[in-house]
Amino acid sequence: MSSQRLVVIGNGMAPGRVLDHLFERAPDAYDVTIFNAEPRVNYDRIMLSPVLSGEKRFEDIIIHNEEWYKEHHITLHCGKRVVAIDRDSNTVVADDGTRAAYDKLLIATGSTPIMIPVPGHDLPGVLSYRDLDDVEAMLSACQKGGRAVVIGGGLLGLEAAVGLKMQGMDVTVVHLAPTLMERQLDEAAGHLLRKAIEARDIVVHTQANTKDILGTERVEAVRLDNGTVIEADLVCMAVGIRPSVALAKDAYLDVGRGIVVGDDLRTSDPDIFAVGECVEHRGQCYGLVAPLYEMAKVVAAQLTGDADMAYTGSVTSTKLKVTGVDVFSAGDFQQTDGIEEVVLRDAAKGVYKRLVLQDDRLVGAVFYGDTKDSAWFFQHIKDGTDVSEYRDTLIFGPTFASGDAVDPLAAVAALPGDAEICGCNGVCKSAIQDTITREGLTSLDDVRVHTKASASCGSCTGLVEQILALTLGDEFDPDAAKPICGCTELGHDAVRRLIVAGEIKSIPDVMQQLNWKTSCGCSKCRPALNFYLVCAWPGEYEDDGQSRFINERVHANIQKDGTYSVVPRMWGGMTTAQELRAIADVVDKYEIPTVKCTGGARIDMLGVKKEDLPGVWAALNQAGLVSGHAYAKGLRTVKSCVGTDWCRFGTQDSTGLAVKLERFLWGSWTPHKVKLGVSGCPRNCAEATCKDIGVVCVDSGYEIHFAGAAGMHVKATDHLCTIESEEKTIIYIGALMQMYREQGWYLDRIYKWAAKVGVDYIRETLAKPEELKAYYDRFVYSQQFMQDDPWAVRAAGKDAHEFTPITLGSKMETA
Amino acid sequence: MSGPEPAWVAVCGVIEIPQRGSRVLKTDAGCVALFRTAKDDVFAARDHCPHKGGPLSQGIVHDRAVACPLHNVVFDLDTGLARGPDQYQVQTFPVKVEDGVVSVDLRALAEAR
């Protein structure tokens, strides 16, 4: 039977989760088509606040990347808004005319931010806080600095205010109610929260009603109805959301505040489901992520014919995602009859806890300042547990209730199996424990991948780690390194240490002695092991070409069409007419199609056939040119400016130093490529301060910089030290190279290694004369085995099999 | 030249292919990669990754698989199927080794033309 057609309107978190569950249950049941009004893939909307505050980047919050859509053969229409549902022909139509027919339709249009229709609300500079476009608009406004007014002191408004503050804006919050977050907090907790917000230099106006927004070209100020005028370069409205129902209404589906659905999450048309913030279920609309995820499970079940699975509504809890402010609230705490309260205040510590009880059952809770036991209390609310036995000590939490010693793990151990740990993804304690045991998980990342627990907002990360500790016992090592690859349990550091300590000197021995799980490794671990052995045993270890990537095996760079590029070394960037003539002749003779300069200022010949490589090299060798190692995880180039030789600003002989450095460092293998730059003055024409290692010459000597990056990641260098003599500069750089060679993980550039071990540690180590000398001496020792031109030996016949194909043309005919 | 009988063609000695390595076999109908594992099993596959056309002969050979040099798609040499989530399959050819001589049945290669 061919697949049914499922069309999804909306590409937010709720439909994303429906599809996750659906593909898990029945990967091929549906051909899925998604219409997304936003021009991007599915991302974690509740993490927009950390993006705004700069604590995360957009790439960190993507839930489904493009590969995911490809893998599941989903047709994704990005930037197309559905404008009509034709229920007679079971078809939807997008604003650009795209049509899609469905057997089942899922409406997940979400919600729209409420814009208070005061005069001026449509001025440029007035934004909502809903999607990445809003965040990007805010971030670009922040670059100019100035004043921001946030209208709304609820969850989103406060997160926006703190984010804008962290981006350097002057921020004022304007809130209609007397208490911040009044829907989740009582007055006392609201007061503590206000003090914490004000302590961050954010001005808070409560009981403040916005009268109008002033400005001519764009927003200039906000005026309250008491006459106060607050200057503003940016206004963010975060006063609430409204389910997006227009599309459903136009299709004559039942619509109240939201799209009305039953416990099976079907709308009034049985072929049409709705999920997420656009839904109204038993009179309730939800704007938090946990209920959406609970709904998603049910929709997936219903879509795959499991008619018994029903959604019966959610008890919700709230946490504010502002670093350093712990606020939790759940259940009902608005005062009504038959309610008893237990309150604990510790003003000095800034802790406030309030429990609301009804008939010896917990019905609501508000915590400020200490929220670590919130999962335990929330479970009580959801279960309606009878607490009469330990009511007197209930507020002190699980540790006291169980009478155990104060052990951070005890609280988690005391939680029942069905206690919800991750509210965002609806994952309970036993589900995490079972998965850890069944899949043999050992790290937080593993748990995130397998269960999704703590993979959304991350506020339960501590709890998940405690469950890991509890489940694994002594085997849990929070600092455990990730294994190199699937062939081993060991991480890079452990493998390097054991190679040296155990005097292991070949790849088969490493695999034997360190219990490799595969017979012959894989394309990840073998190149790493080969480098680690090259580094540990210079002069003894025999390089294993078959464990090197093709570029290092044949000393040229493979191109997309299977041809190679060839880059001869030009020491410090210097060349001669004779060298250039030789290059020109080679290009002519071998009909090399492209010649260009590389980013490291060397000449690149592209499109060389593999069989021609030995010939090309022999010709270049004749003119004195050797391999430029443009393919190597090793020393690449030392870029230079002309320094005192020619430049009227040069302070030292930068070209001369670059040549000396390149002649000293060439041929060394390193965890990843190493590029240097030497600039003759602080004008820095050789761009030394974004190199792996850079030297900036000054009048008084040489500034050594390191750990820069200008690739996928861009980072300026850190200053290592300033040296008065050229000779000592070379010693320092040799020692730094050796330290990186001995400690860096394979495929980590210097900046990544430095981030792992710490820039200060590197600086302090090399500042000790005995350490400096030891590293330098080991580098010099190693170099004596490394500086043979790999081209010369291959031009002379080494590895001939690599460059000579077996030909068969005539044999085919006779076969 | 197609037919029920295998069309074995002797191509080279086993020792002419490096262990955990490969050789390229050039034919009128395109290139074939010959692989030799650490345990001296020999495989033959079209030297063309179905992903982006990378020459598989240039990849790292480990156990009974090869990793494409361009984007690291790993192919099982027994079946030609990509490991992991990718759905690619590279064409493989029957191989036999007798007295240290590698023969490949290249009927499928010719037929594909």
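Rules and cut-offs
Residues numbered from 1 in each chain as written. Chains lettered and ligands numbered in written order. Predicted model: local features only at pLDDT ≥ 70, side-chain atom pairs only at ≥ 80, totals over all residues. Helix = DSSP H or I, 4+ residues; strand = E, 2+ residues; numbered from the N terminus. Buried ≥ 20, exposed ≤ 12 C-beta atoms within 10 Å, placed from the backbone. Contact = placed C-beta atoms within 7 Å. Expected span 1.5 Å × (residues − 1). Axes fitted to C-alpha atoms, helices over the stretch in contact; angles between N-to-C directions. Parallel < 35°, antiparallel > 145°, perpendicular 65-115°, else oblique. Nonpolar A, V, L, I, M, F, W, Y, C, P; charged D, E, K, R; others polar. Pairing = 2+ DSSP bridges. pLDDT = per-residue confidence, 0-100. Core = buried A, V, L, I, M, F, W, Y, C linked by C-beta atoms within 7 Å.

## A closer look at the overall build of chain B
Assigned secondary structure in chain B consists of 1 helix and 10 strands. Evaluated residue by residue, chain B yields a buried proportion of 45% over its 113 residues. Across chain B, contacts joining residues at least 24 apart in sequence account for 43% of those joining residues at least 6 apart.

## With respect to the overall build of chain A
Across its full length, chain A holds 29 helices and 39 strands. Per-residue burial over chain A gives 44% buried out of 815 residues. For chain A, the proportion of contacts with a sequence separation of at least 24, taken over those separated by at least 6, is 62%.

## A look at helix 5 (residues 155-166) of chain A
Compared with the 16 Å implied by 1.5 Å per residue over 12 residues, the 17 Å span of helix 5 of chain A between its first and last C-alpha is a close match. With its phi angle positive at about 95°, Gly 168 of chain A sits one or two positions after the end of helix 5 of chain A.

## So, the packing of helix 12 (residues 429-439) of chain A against helix 13 (residues 444-451) of chain A
Residue and element names in this part refer to chain A. Two numbers describe how helix 12 lies on helix 13: the axes approach to 10 Å, and their chain directions differ by 110°. The angle between helix 12 and helix 13 falls in the class roughly perpendicular. Judged by residue contacts, Ala 431, Ile 432, Thr 435, Ile 436 and Glu 439 of helix 12 engage Val 447, His 450 and Thr 451 from helix 13. Of the residues in the contact of helix 12 with helix 13, the class split is 4 nonpolar, 3 polar and 1 charged.

## Some details on the pairing of strand 4 (residues 82-86) of chain A
Residues and elements named next belong to chain A. In this sheet, strand 5 (residues 91-94) lies alongside strand 4 in antiparallel orientation, the contact comprising 4 bridges. The residue bridging Ala 84 from the neighbouring strand is Val 93, located in strand 5. Here strand 4 folds back onto strand 5, and the loop between the two strands holds 4 residues, one of which, Asn 90, carries a positive phi near 50°.

## Some points on the interface of chain B and chain A
Listed as interface residues are 32 residues of chain B and, on the opposing side, 23 residues of chain A. Secondary structure elements with two or more residues in the side of chain B that touches chain A: strand 1 (8-13), strand 2 (21-27) and strand 5 (60-62) of chain B. Sort the elements by how many residues they give to the side of chain B that touches chain A and strand 2 of chain B lands first, with 6 residues. Relative to strand 2 of chain B, strand 39 (residues 806-807) of chain A runs parallel, the two being bridged by 2 bridges. Looking at the pairing, Ile 806 of chain A lines up with Leu 25 of chain B of strand 2 of chain B.

## Some thoughts on the confidence of the model for chain B
One rule of thumb: low pLDDT means the predicted coordinates there are not for detailed reading. All names here are of chain B. The predicted model of chain B averages 89 in pLDDT, with 92% of residues at 70 or higher. The element-level mean pLDDT for chain B is lowest in helix 1 (residues 107-112), coming to 72, with strand 4 (residues 42-46) highest at 96. This complex was scored by the predictor with a pTM of 0.53 and an ipTM of 0.90.

## Points about unusual backbone geometry
All names here are of chain A. Within the chain, Glu 591 stands out as a residue other than glycine whose phi angle is a positive 50°. Take Glu 591: it is sitting in the loop between helix 19 (577-589) and strand 30 (594-597). Glu 591 gets classed as exposed once you count the C-beta atoms within 10 Å, which come to 10. Here the phi dihedral of Glu 687 falls at roughly 50°; this positive angle occurs in a residue that is not glycine. When you line up the elements, Glu 687 lands in the loop between strand 33 (674-679) and strand 34 (693-698).

## Looking at helix 22 (residues 654-665) of chain A
All names here are of chain A. Helix length check: helix 22 (12 residues) gives 16 Å between terminal C-alpha atoms against 16 Å at 1.5 Å per residue, within 8%. Every buried residue belonging to helix 22 is among Ser 654, Thr 655, Leu 657, Ala 658, Leu 661, Glu 662, Phe 664 and Leu 665, and all of these are buried. Each element contacted by the buried residues of helix 22 is listed here: strand 32 (635-640), helix 21 (643-646), strand 33, strand 34 and helix 23 (726-743).

## Details of the sheet that holds strand 15 (residues 229-231) of chain A
Residue and element names in this part refer to chain A. Sheet architecture is open: 3 strands sit in the order 13-14-15, paired in antiparallel fashion. Each end of this open sheet is capped by a strand with a single partner; those strands are strand 13 (210-215) and strand 15. Averaged over all neighbouring strand pairs, the angle between strand axes comes to 25°, with direction disregarded. Pairing between strand 14 (residues 219-224) and strand 15: 3 bridges, direction antiparallel. Counterpart to Val 222 in the pairing with strand 15 is Ile 230.

## Some words on the nonpolar core
All names here are of chain A. Counting residues in each nonpolar core, the largest one holds 139 residues, and the members touching the most others are Ile 107, Leu 193, Val 235, Cys 236, Val 275, Val 299 and Ile 421. Among the elements that make up this core, the one with the highest residue count is helix 8 (residues 289-303) (11 residues). Excluding its chain neighbours within four sequence positions, the residues that come into contact with Leu 193 are Leu 180, Met 181, Leu 185, Val 325, Val 327 and Tyr 368. If you look at the next biggest cluster of nonpolar residues, it comprises 78 residues, including Met 511, Cys 522, Ala 528 and Ile 550.

## Comments concerning the sheet that holds strand 32 of chain A
Residues and elements named next belong to chain A. Pairing is mixed across the open sheet formed by 5 strands, whose spatial order is 32-33-34-35-38. Taken across any chain shown, the strands that pair with only one partner, and hence form the sheet edges, are strand 32 and strand 38 (718-723). Across the sheet, the mean angle separating the axes of adjacent strands is 15° when strand polarity is ignored. The pairing of strand 34 with strand 35 (residues 701-706) spans 6 bridges and is classified as antiparallel. Within strand 35, the residue paired with Cys 697 across the bridge is Tyr 702.

## Regarding the pairing of strand 24 (residues 351-358) of chain A
Residue and element names in this part refer to chain A. With 6 of its 8 residues buried, strand 24 lies for the most part within the structure. Taken together, the 7 bridges between strand 23 (residues 340-346) and strand 24 define a ladder with antiparallel strand orientation. Looking across to strand 24, one finds that Glu 341 is bridged to Val 356. Hairpin connection from strand 23 to strand 24: 4 residues lie between these consecutive antiparallel strands, with Gly 350 at a positive phi of about 70°. Count of turn residues in the strand 24/strand 25 (residues 361-368) antiparallel hairpin: 2 residues, of which Asp 359 carries a positive phi of about 50°.

## So, the environment of Ala 710 of chain A
All names here are of chain A. With respect to the secondary-structure elements, Ala 710 resides in strand 36 (residues 709-710). Look at Ala 710 and you get partly exposed, because 15 C-beta atoms sit within 10 Å. A sequence separation of 19 residues divides Ala 710 from Lys 691, and the C-alpha atoms of the two residues are 7.2 Å apart.

## Digging into the packing of helix 23 of chain A against helix 26 (residues 769-786) of chain A
All names here are of chain A. Between helix 23 and helix 26, the least distance of the axes is 8 Å, while the angle of their chain directions is 80°. With respect to helix 26, the axis of helix 23 lies roughly perpendicular. Here Ile 731, Tyr 732, Gly 734, Ala 735, Met 737, Gln 738 and Met 739 of helix 23 lie close against helix 26, whose contacting residues are Leu 772, Tyr 775, Tyr 776, Arg 778, Phe 779 and Val 780. The residue makeup of the contact of helix 23 with helix 26, split by class, is 10 nonpolar, 2 polar and 1 charged.

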